[in-house]
Protein chains: 2
Amino acid sequence: MRGAVIHGTKDIRFEDRPDPVVTEPTDAVIRTVAACVCGSDLWRYRGIQEVLESTPIGHEYVGIVEQVGDAVTTVKPGDFVVGGFLHSDNTCAVCAKGMQANCQHGGGFDGCQAEKIRIPDADGTLLATPGQPDADLIPSLLALSDVMATGWHAAVSADVRPGSSVVVVGDGAVGLSGVLAAAQLGATTIIAMSRHEPRQRVAREFGATHVIAERGDAGLAQVRELTDGIGADAVLECVGTENARAQAVAYARPGGMIGLVGVPHGDLPTDELFWANKGIRGGVAPVRAYLPHLLDLVLRREIDPGKVFDLTLPLSEVAEAYLAMDERRAIKVLLQP
Amino acid sequence: MRGAVIHGTKDIRFEDRPDPVVTEPTDAVIRTVAACVCGSDLWRYRGIQEVLESTPIGHEYVGIVEQVGDAVTTVKPGDFVVGGFLHSDNTCAVCAKGMQANCQHGGGFDGCQAEKIRIPDADGTLLATPGQPDADLIPSLLALSDVMATGWHAAVSADVRPGSSVVVVGDGAVGLSGVLAAAQLGATTIIAMSRHEPRQRVAREFGATHVIAERGDAGLAQVRELTDGIGADAVLECVGTENARAQAVAYARPGGMIGLVGVPHGDLPTDELFWANKGIRGGVAPVRAYLPHLLDLVLRREIDPGKVFDLTLPLSEVAEAYLAMDERRAIKVLLQP
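Residues numbered from 1 in each chain as written. Chains lettered and ligands numbered in written order. Predicted model: local features only at pLDDT ≥ 70, side-chain atom pairs only at ≥ 80, totals over all residues. Heavy atoms only, no water.

As recorded in an unreviewed UniProt entry, chain A goes by the name IMP dehydrogenase, listed as coming from Modestobacter caceresii. According to the UniProt record, the Cofactor (unreviewed entry) comment for chain A is "Zn(2+)". (UniProt positions renumbered as here; feature names shortened; annotations may be inferred.)

This is how it looks when you write it as structure tokens:
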């Protein structure tokens, strides 16, 4: 089969790779129906994270089960499945607390921008849809494997609830998904911080009540104006840079919560948090915990997180997909084998 | 009247001071029924925080209203009142969110180890009991002005709920109050970290199901043994030192919450928090927010937070009260005018 391999900075190649096979009795092998490129894949692409050796890449997928190991009981060949970007057994003490991203026996896997994928811990990682989903739902189902679940995690971590005022920092696919999550959780004021017109449009479609293009003091003043002068109940931090994190802290009201999902690239002012009674919570999203609910919302067409895909390419053009995201010509690129 | 004044390190004197008077229409002046010494008063006493000029000291009190300003409507002369250690208007946008410690027009006040006290923002700070309380309830009512409300804030911030497993770091009056709060909020495993037999005894009376005397790796191993090997759902950090904060982070399970009320004297490992999906929340307790509920619990004799007072002295012996706490001969000293 063929799949994407990263060989170095800006060097993604679509090439022959060995067909994945079931190696553990808990494995499944799926035939990919759709995959995509993640903002976090760009760290290696851009050279921010060094590529030490050529590596299959990609961690988001939906597909059809081809083969399962003897111990797999919840999915079978022919099933259409969605799954998270980390594998988890979904049975350990940590999974039982709903924190599958930190499963005691789980971990990451790479190489999903490919025609076939080996999924470890299939029972604890995948969820089958009832029957084959309509083709137009594929983008939204694919979004569940990472960005939508991660935006949801930001909103849950920030304790968004009916009536909350929410600021979303970051207008990438995760931030936009955070807007959608906040709306679903009942927030009534949802402020998207965005300077990019196409992203602003998606934010509004997802439920943003306000869009603020300014940053720094000007942006803060506008947030305050929309939140009784005190800041938001909840802030979703979907970037991770020191600057974005500092802004997120500033946008929260005293006693507010900041949900963190941007991979940390900078410190947080913990003393400032304390004296203002602001809290932080979050990390890598436990996709499997949210998947049943989010899958239900997609299948009932109550959410349409697939709108974050604004470019679709054949999987064979994966290199162009990276370039389009790197140059910000696309929010997120869907790849079709 | 007479009251305590701190003149420098280890120099507390009980001396003549001007009678407090109503200076703002929102003020009340109360005659002190009981006051006490706070762990935080010891920073100045011990010289950790410099005493720049002689200052009346003390911020915990219960008393009887003697005089109120024209704008005061909810308390009147003769009322027995409890109140927080910060004044708040209880009407601003921040107070409306239940975060009265960060009231937009509030602040601190000192000098409560005295025969009379001027309370700013009386309506937003004080709460009158229905009638005069029984004398044996005075210690528990006094505990509401700081330590019990602060322990409660730690538990609320750490998201303690029915069935939670909880570790309490710190066996001072606040930590012990945190144990009591966790029990009230329905925690079923409550682990007090304490090496001091009298404090261990109070912790057990307050609802601790386990006491761990060890620290470091040995203490962590014991916490894990009691929490399915993964750590506690909630940790109450009631010390504030860098070491205590690091321990608190270690005791929490992946996805757990750490409620911070110890005044910060050290950083927190925010990257470690992120990768383990652990959250932090807390700060200075919004006493006024919790006061109605806690007062009700005390008056119905459902909680007895006054047990943290293990020494009672006449107010005139306030210097000895400081010494007893400094030398850890007492957990907390109650002062009677």
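So that's the structure; there's more coming.
**Student:** Quick question: what am I supposed to make of a negative patch on the surface here?
**Tutor:** Side chains of Glu 242, Asp 267 and Asp 271 of chain A together with Glu 242, Asp 267 and Asp 271 of chain B sit close together on the surface and give a patch of like negative charge. Mapping Asp 271 of chain A onto the fold places it in helix H10 (residues 270-275). Overall, Asp 271 of chain A belongs to the partly exposed group, its relative accessible area being 36%. (Patch = residues over 30% accessible without salt bridge, like charges linked within 9 Å, V, L, I, M, F, W, Y side chains within 5 Å. Areas by Shrake-Rupley, 256 points an atom, 1.4 Å probe, with all protein chains shown as cover. Salt bridge = Lys/Arg side-chain N within 4 Å of Asp/Glu carboxyl O. Lys, Arg positive; Asp, Glu negative; His and termini not counted. Charge placed at Lys NZ, Arg CZ, Asp CG, Glu CD. Helix = DSSP H or I, 4+ residues; strand = E, 2+ residues; numbered from the N terminus. Buried < 20%, exposed > 50% of the residue type's maximum accessible area, 1.4 Å probe, protein only.)

**Student:** Explanation requested: the sheet that holds strand E4 (residues 55-56) of chain B in the structure shown.
**Tutor:** Strand pairing in a sheet relies on backbone hydrogen bonds, with the paired strands running either antiparallel or parallel. Residue and element names in this part refer to chain B. Taken together, the three strands give an open sheet; going across it, the order is E2-E1-E4, and neighbouring strands pair in antiparallel fashion. In this open sheet, the two edge strands, each paired with only one partner strand, are strand E2 (11-16) and E4. Of the pairings in the sheet, the one linking strand E1 (residues 2-8) to E2 comprises six bridges and is antiparallel in character. Note on E2: the bridge partner recorded for Gly 3 is Glu 15. (Pairing = 2+ DSSP bridges.)

**Student:** It is not clear to me how the state of the cysteines should be interpreted in this structure. Could you clarify?
**Tutor:** The bond known as a disulfide is covalent and runs between the sulfur atoms of two cysteines. Residues and elements named next belong to chain A. Under the definition given, this model contains zero disulfides over all chains. Free of any disulfide, Cys 238 has its nearest cysteine sulfur in Cys 38, 12 Å distant. Given a relative accessible area of 14%, Cys 238 falls into the buried group. (Disulfide = S-S within 2.5 Å.)

**Student:** How should I be thinking about the sheet that holds strand E1 (residues 2-8) of chain A in this particular structure?
**Tutor:** Residue and element names in this part refer to chain A. Reading across the sheet, the three strands line up as E2-E1-E4 and stay open at both edges, with antiparallel pairing between neighbours. Looking at which strands have only one partner, the edges of the open sheet turn out to be strand E2 (11-16) and strand E4 (55-56). Sheet analysis places E1 next to E4, joined by two bridges and oriented antiparallel. Looking at E4, one finds that Val 5 is bridged to Pro 56.

**Student:** Could you clarify how one ought to interpret the interface of chain B and chain A in this entry?
**Tutor:** One frequently used descriptor of interface size is the decrease in accessible area upon assembly of the parts. Across the boundary between the two partners, chain B contributes 40 residues, which contact 41 residues of chain A. Overall, the association of chain B and chain A removes approximately 3200 Å² of surface from exposure, summing both partners, and the carbon and sulfur fraction of that is 58%. When the buried area of chain B at its contact with chain A is split by residue, Phe 274, Asn 277 and Arg 281 of chain B rank highest and sum to 22% of it. Between the two partners, chain B and chain A, sit four salt bridges. Close ionic contact of Asp 159 of chain A with Arg 281 of chain B constitutes a salt bridge, the shortest N to O distance being 3.9 Å. Run the count over chain B and chain A and you get 17 residue pairs in polar contact (both at pLDDT 80 or more). (Contact = heavy atoms within 4.5 Å. Buried area = accessible area lost by both parts, 1.4 Å probe. Polar contact = N/O pair within 3.5 Å; in protein donor to acceptor, adjacent residues only side chain to side chain.)

**Student:** Quick question: what am I supposed to make of the UniProt feature "domain: Enoyl reductase (ER)" (unreviewed entry) in chain A here?
**Tutor:** Under the feature "domain: Enoyl reductase (ER)" (unreviewed entry), the UniProt entry names residues 8-335 of chain A. For the annotated span residues 8-335 of chain A, helix accounts for 30% and strand for 24% of the residues, and the straight-line distance between the end C-alpha atoms is 21 Å.

**Student:** Honestly, the packing of aromatic side chains in this entry has me stumped. Any pointers?
**Tutor:** Geometry of an aromatic ring pair is reported as the spacing of the ring centres plus the angle between the planes. Residue and element names in this part refer to chain A. Within this structure, the stated rule accounts for six aromatic pairs over all chains. With a centroid separation of 5.2 Å and an interplanar angle of 40°, the aromatic rings of Tyr 45 and Tyr 322 are classed as tilted. Of the two residues, Tyr 45 is situated in helix H1 (residues 41-45) and Tyr 322 in helix H12 (residues 318-326); the sequence distance between them amounts to 277 residues. Taking the relative accessible area as the measure of exposure, Tyr 45 reaches 4% and is therefore buried. Judged by its relative accessible area of 0%, Tyr 322 falls in the buried class. (Phe/Tyr/Trp six-rings, centres within 6.5 Å; stacked < 30°, edge-to-face > 60°.)

**Student:** How should the pattern of salt bridges be read in this particular structure?
**Tutor:** Two side chains bearing opposite charge may form a pair once their charged atoms approach each other closely. Following the criterion strictly, the structure yields 50 salt bridges over all chains and no others. A salt bridge links Lys 97 of chain A to Asp 233 of chain B, with the shortest nitrogen-to-oxygen separation between them at 2.9 Å. Separated into two different chains, Lys 97 of chain A in the loop between helix H2 (93-96) and strand E8 (107-108) and Asp 233 of chain B in strand E14 (residues 232-237) make up a pair that spans both. Using a relative accessible area of 37% as the deciding quantity, one classes Lys 97 of chain A as partly exposed.

**Student:** Explain the side chain of His 87 of chain B here, please?
**Tutor:** Residues and elements named next belong to chain B. Take His 87: it is sitting in strand E7 (residues 86-87). Classification of His 87 as buried rests on a relative accessible area of 13%. Engagement of the side chain of His 87 in a polar contact is seen with the side chain of Asp 121, the distance being 3.0 Å.

**Student:** Explanation requested: unusual backbone geometry in the structure shown.
**Tutor:** Generally, phi is negative for residues other than glycine and the peptide bonds are trans, each holding for most cases. Phi is positive for Asp 228 of chain A, which is not a glycine, with a value near 55°. Unlike most non-glycine residues, Arg 301 of chain B shows phi in positive territory, near 60°. Of note, Arg 301 of chain B is situated in the loop between helix H11 (287-299) and strand E17 (311-314). The partly exposed category is assigned to Arg 301 of chain B, whose relative accessible area is 46%.

**Student:** Hey, could you run me through the relation of the copies chain B and chain A in this one?
**Tutor:** Copies of the same chain, two in number, are related to each other by a rotation about an axis and a translation along it. In screw terms, the move from chain B to chain A is a rotation of 180° and a rise of 0.0 Å along the axis, fitting with an RMSD of 0.0 Å. On the angle and the small slide along the axis, the relation comes out as a two-fold axis. Taking the C-alpha atom as reference, chain B places Ile 280 of chain B closest to the rotation axis, 2.7 Å from it. A share of 100% of interface residues in chain B that are also interface residues in chain A marks the association as one of identical surfaces. (Least-squares fit on C-alpha atoms with pLDDT ≥ 70 in both.)

**Student:** Can you help me understand the domain arrangement of chain A in this one?
**Tutor:** All names here are of chain A. Looking at chain A, the domain boundaries give domain 1 (2-146 + 286-336) and domain 2 (150-282). One C-alpha centre belongs to domain 1, the other to domain 2; they are set 27 Å apart. On the side of domain 2, 18 residues touch domain 1, which itself brings 19 residues to the contact. For the pairing of domain 1 and domain 2, the buried interface totals around 1500 Å² over both sides, and the portion due to carbon and sulfur atoms is 67%. Broken down residue by residue, the surface that domain 1 buries against domain 2 is led by Tyr 290, Arg 328 and Ile 331, which jointly contribute 35%. Between the two partners, domain 1 and domain 2, sit two salt bridges. Between Lys 307 and Glu 205 there is a salt bridge, with the nearest N and O atoms lying 3.6 Å from each other. Put simply, domain 1 and domain 2 have three residue pairs in polar contact (both at pLDDT 80 or more) between them. (Domains from an automatic or database assignment.)

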